[in-house]
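Coordinate inspection notes
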Amino acid sequence: AQSVTQLGSHVSVSEGALVLLRCNYSSSVPPYLFWYVQYPNQGLQLLLKYTSAATLVKGINGFEAEFKKSETSFHLTKPSAHMSDAAEYFCAVSDAGNNRKLIWGLGTSLAVNP
Amino acid sequence: DAGVTQSPTHLIKTRGQQVTLRCSPKSGHDTVSWYQQALGQGPQFIFQYYEEEERQRGNFPDRFSGHQFPNYSSELNVNALLLGDSALYLCASSELGVSGRNTGELFFGEGSRLTVL
């Protein structure tokens, strides 16, 4: 069965600092991987996705993620944090054997300090 | 191109009542999934509808039921409301039925915030 682990339920960075949100997955088949962002009292918005093309994926708002098969990781990064990046971030893997239902991590809350 | 729309955005009910939430999928999408998100938690999968049938279901009691209409829109019904049903209910659409294009990517609405008193 596929699963997703997000390391660190809360991450705090200073404005302008590097953002690194960690996601590890387990899957017996090549996965499709996603990062979603949720701002307070809003729905989830897709940041970026890996669907077996380039391993370095660029998303919206300056975020990117690198698929590393050997490490079963799909960490999310942004070179310089902005106050507006404060939100909840969810990593998800697509279940290839179950109509591609998304399996979700528990989320990481990102705080950006001035 | 309209995205996923949900209604109502907020509602308040009392224990024991029933509620119906509505969702219109993104244009071109044929599949609707419903999620419950309690405060401070991640989304929990309730069920998925495709071709007007419930195709998958998460670990939710029968009090939670749904429907999909021929135009792909969907409703989520919750009977005999409990205090613990208070949550943000998210609808997400995708194009499950289109061969070769289904990656699992979901497009979410803004959610319906249900408060049960």
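Everything below is about the structure shown above.
Residues numbered from 1 in each chain as written. Chains lettered and ligands numbered in written order. Predicted model: local features only at pLDDT ≥ 70, side-chain atom pairs only at ≥ 80, totals over all residues. Heavy atoms only, no water.

1. Considerations on the packing of aromatic side chains
Selection rule: Only Phe, Tyr and Trp rings are paired, with Trp represented by its six-membered ring, and only when their centres lie within 6.5 Å; those with planes under 30 degrees apart are stacked, over 60 edge-to-face, the remainder tilted. Helix and strand labels come from DSSP, where a helix needs a run of H or I of at least four residues and a strand needs a run of E of at least two; each type is numbered from the N terminus. For each residue, the accessible area found with a 1.4 Å probe, counting protein chains only, is set against the maximum for its type, and the residue is called buried under 20%, exposed over 50%, and partly exposed in between. A ring is considered to have a charge above it if a Lys NZ or an Arg CZ atom is located within 6 Å of its centre and within 35 degrees of its normal.
Counting across every chain of the model gives 14 aromatic pairs over all chains. Relative to Tyr89 of chain A, the ring of Phe63 of chain A lies with its centre 5.5 Å away and its plane at 45°, an arrangement referred to as tilted. In this pair, Phe63 of chain A sits in the loop between strand 6 (56-58) and strand 7 (64-68) while Tyr89 of chain A sits in strand 9 (residues 87-95), placing the two residues 26 residues apart along the sequence. Look at Phe63 of chain A and you get buried, because its relative accessible area is 2%. For the pair Tyr35 of chain B and Phe45 of chain B, a centre-to-centre distance of 5.7 Å together with 65° between the ring planes defines the contact as edge-to-face. Here the residue Tyr35 of chain B occupies a position in strand 4 (residues 31-37), and Phe45 of chain B occupies one in strand 5 (residues 44-50), the gap between them amounting to ten residues. Here Tyr35 of chain B and Phe45 of chain B have matching classes, each one buried. Linked through ring pairs, Phe34, Tyr36, Phe90 and Trp104 of chain A together with Tyr35, Phe45 and Phe108 of chain B together constitute an aromatic cluster. Stacked on the ring of Phe107 of chain B, the Lys or Arg Lys26 of chain B has its end atom at 5.3 Å from the ring centre.

2. Structural notes on the sheet that holds strand 3 (residues 19-26) of chain A
Residues and elements named next belong to chain A. Heads up, the rule is: Here a strand pair is declared whenever DSSP counts at least two bridges between the two strands. Here an axis means a line fitted to C-alpha atoms, over the contact stretch when the element is a helix, while the angle between two N-to-C directions is reported on a 0 to 180 degree scale.
Strand order in the open sheet formed by five strands is 1-3-8-7-6, with antiparallel pairing between adjacent strands. Looking at the sheet topology across the chains shown, the edges are occupied by strand 1 (3-7) and strand 6. In this sheet, adjacent strand axes meet at a mean angle of 20° when their direction is disregarded. Relative to strand 8 (residues 73-78), strand 7 runs antiparallel, the two sharing five bridges. Across the sheet, the residue bridging to Ala65 is Leu76, located in strand 8.

3. Comments concerning the interface of chain A and chain B
The line we're drawing: Contact definition: two residues touch when any of their heavy atoms are within 4.5 Å. Note on definitions: salt bridges are taken to be side-chain nitrogens of Lys or Arg within 4 Å of carboxyl oxygens of Asp or Glu. The definition of a polar contact used here is a pair of N or O atoms within 3.5 Å, where within protein one atom must be able to donate a hydrogen and the other to accept one, and adjacent residues in sequence count solely through side-chain atom pairs. For this classification, the nonpolar set comprises Ala, Val, Leu, Ile, Met, Phe, Trp, Tyr, Cys and Pro, the charged set comprises Asp, Glu, Lys and Arg, and every other residue, Gly included, is treated as polar.
The partner chain B presents 20 residues to the 20 residues of chain A that form the contact. Between Glu105 of chain B and Lys49 of chain A there is a salt bridge, with the nearest N and O atoms lying 2.4 Å from each other. The tally of links between chain A and chain B comes to five residue pairs in polar contact (both at pLDDT 80 or more). For the side of chain A that touches chain B, the secondary-structure elements that each account for two or more residues are strand 4 (32-38), strand 5 (44-50), strand 9 and strand 10 (101-104) of chain A. Residues belonging to the side of chain A that touches chain B are distributed by class as follows: nine nonpolar, eight polar and three charged.

4. Brief notes about the nonpolar core
To keep things clear, this is the line we draw: For this analysis, a nonpolar core means a set of buried residues of the types Ala, Val, Leu, Ile, Met, Phe, Trp, Tyr and Cys, connected via side-chain atoms within 4.5 Å.
Counting residues in each nonpolar core, the largest one holds 28 residues, and the members touching the most others are Trp35, Leu48, Phe74, Leu76 and Tyr89 of chain A. Looking at this core, the elements with two or more residues in it are strand 2 (10-14), strand 3, strand 4, strand 5, strand 7, strand 8, strand 9 and strand 11 (108-113) of chain A. Membership of the second largest hydrophobic core comes to 20 residues, among which are Leu21, Trp34, Leu81 and Ala87 of chain B.

5. What about unusual backbone geometry?
Phi is mostly negative for residues that are not glycine, and the peptide bonds are mostly trans. In this structure, Pro8 of chain B follows Ser7 of chain B across a cis peptide bond, with omega equal to -10°. Along the chain, Pro8 of chain B falls in the loop between strand 1 (5-7) and strand 2 (10-13). Residues other than glycine seldom take positive phi values, yet Thr72 of chain A does so here, at roughly 45°. Summarising the element assignment, Thr72 of chain A is placed in the loop between strand 7 and strand 8.

6. Quick notes on the pairing of strand 9 (residues 87-94) of chain B
Residues and elements named next belong to chain B. Most of strand 9 sits inside the fold, with eight of its eight residues counted as buried. Pairing of strand 4 with strand 9 involves seven bridges; the strand directions are antiparallel. The partner of Gln37 across the bridge, within strand 9, is Leu88. Sheet topology note: the strand 9/strand 11 (residues 112-116) ladder contains three bridges and is antiparallel. Considered in strand 11, the bridge of Tyr89 is made with Ser112.

7. What about the state of the cysteines?
Keep this limit in mind: The disulfide criterion used throughout: a pair of cysteine sulfur atoms within 2.5 Å.
Applying the stated rule across the entire model yields two disulfides over all chains. One disulfide in the model links Cys23 of chain A with Cys91 of chain A; its S-S distance is 1.9 Å. Looking down the S-S bond of the Cys23 of chain A and Cys91 of chain A bridge, the torsion is -65°, so its handedness is left-handed. Within this pair, whereas Cys23 of chain A is found in strand 3, its partner Cys91 of chain A is found in strand 9, the two being separated by 68 residues in sequence. Across the pair, Cys91 of chain A and Cys23 of chain A agree in class, each one buried. Bridging Cys23 of chain B to Cys91 of chain B, the disulfide has an S-S length of 1.8 Å. On the sign convention where negative is left-handed, the bridge of Cys23 of chain B and Cys91 of chain B, at about -60° about the S-S bond, is left-handed. A residue pair is termed long-range when its members are at least 10 positions apart, and Cys23 of chain B in strand 3 (residues 19-24) and Cys91 of chain B in strand 9 qualify at 68 residues. By relative accessible area, which is 2% here, Cys23 of chain B ends up buried.

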